[in-house]
Amino acid sequence: MNLYTSKRKPTTAGEILEQEYLLELSITQGKLAEDLKVSRRTINELVNNRRNLSADMALRLSKYFNTTIDFWINLQKMTDIWEASNGKKAKEIKSIKPYRLNVA
């Protein structure tokens, strides 16, 4: 089984942010927003999966929590791939036939 066929959605960047950082380190959404110089609404929407993680936010989080940018970007990427593979257009995407080169 791979990401494309998995029934279980990957853990989102917002879920990791909330569970592994905010709750674990006792940081409020308001404090994080203030420290990252973004709105509290931005953090809240990210934590509640109503906003995707942007490259800008990945940079801010990686600097703040001393992680890599790739850590955050990969969380978002895995979620995006899963949603594309299992979302509204999944059937359409799965019906695409691979292009075959005529090799002489």
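Everything numeric here is computed off the predicted structure, so don't read it as measured data.

(A) Looking closely at the environment of Phe 65. Following the sequence through the fold, Phe 65 ends up in helix H4 (residues 55–65). Sequence-wise, Phe 65 and Lys 7 are 58 residues apart; in three dimensions their C-alpha atoms are separated by 31 Å.

(B) Focus on the packing of aromatic side chains. Going through the model one piece at a time under the given rule, you end up with five aromatic pairs. When the ring of Phe 65 is compared with that of Trp 72, the centres are 6.5 Å apart and the planes differ by 35°; the resulting orientation is tilted. Trp 72 carries the same exposure label as Phe 65, and that label is buried. For the pair Phe 71 and Trp 72, a centre-to-centre distance of 4.9 Å together with 80° between the ring planes defines the contact as edge-to-face. Of the aromatic side chains, those joined through ring pairs into one cluster are Tyr 21, Tyr 64, Phe 65, Phe 71 and Trp 72.

(C) A look at the environment of Asn 44. Locating Asn 44 in the fold gives a position in helix H3 (residues 40–47). Owing to a relative accessible area of 18%, Asn 44 belongs among the buried residues under this scheme. C-alpha of Asn 44 to C-alpha of Lys 63: the two residues are 19 residues apart in sequence and 19 Å apart in space.

(D) Broad picture of unusual backbone geometry. Here Asn 49, not a glycine, exhibits a phi torsion of approximately 55°, which is positive. Within the secondary structure, Asn 49 sits in the loop between H3 and H4. Residue Asn 49 is classed as partly exposed on the basis of its relative accessible area of 38%. A positive phi angle, close to 55°, is found at Asn 66, a residue other than glycine. Its location among the elements puts Asn 66 in the loop between H4 and helix H5 (69–86).

(E) Up close: the packing of helix H2 (residues 29–36) against H4. It is the contact of H2 with H4, at a shortest axis distance of 10 Å, that shows an interaxial angle of 105°. Relative to H4, the element H2 is oriented roughly perpendicular. Contacts from Leu 32, Asp 35 and Leu 36 in H2 reach Met 57, Arg 60, Leu 61, Tyr 64 and Phe 65 in H4. A breakdown of the residues in the contact of H2 with H4 according to their chemical character gives six nonpolar, no polar and two charged.

(F) Molecular detail of a nonpolar patch on the surface. A grouping of Tyr 99, Leu 101 and Val 103 is seen on the molecular surface, where their side chains present a nonpolar patch of about 440 Å² in accessible area. Relative accessible area serves as the criterion here: at 70%, Tyr 99 is assigned to the exposed category.

(G) Layout of H4. Turning to H4, its buried residues are Met 57, Ala 58, Leu 61, Ser 62 and Phe 65. Taken down its axis, H4 places every buried residue within 130° of arc, on the same side. In H4, the exposed positions that point more than 90 degrees away from the buried face belong to Ala 55 and Lys 63. In this structure, the buried side of H4 is in contact with helix H1 (13–25), H2, H3 and H5. Just past H4, the residue Asn 66 takes up positive phi, approximately 55°.

About the criteria used
Residues numbered from 1 in each chain as written. Predicted model: local features only at pLDDT ≥ 70, side-chain atom pairs only at ≥ 80, totals over all residues. Heavy atoms only, no water. Helix = DSSP H or I, 4+ residues; strand = E, 2+ residues; numbered from the N terminus. Phe/Tyr/Trp six-rings, centres within 6.5 Å; stacked < 30°, edge-to-face > 60°. Buried < 20%, exposed > 50% of the residue type's maximum accessible area, 1.4 Å probe, protein only. Axes fitted to C-alpha atoms, helices over the stretch in contact; angles between N-to-C directions. Parallel < 35°, antiparallel > 145°, perpendicular 65-115°, else oblique. Contact = heavy atoms within 4.5 Å. Nonpolar A, V, L, I, M, F, W, Y, C, P; charged D, E, K, R; others polar. Patch = residues over 30% accessible without salt bridge, like charges linked within 9 Å, V, L, I, M, F, W, Y side chains within 5 Å. Areas by Shrake-Rupley, 256 points an atom, 1.4 Å probe, with all protein chains shown as cover. Salt bridge = Lys/Arg side-chain N within 4 Å of Asp/Glu carboxyl O. Arc of directions from axis to C-beta.

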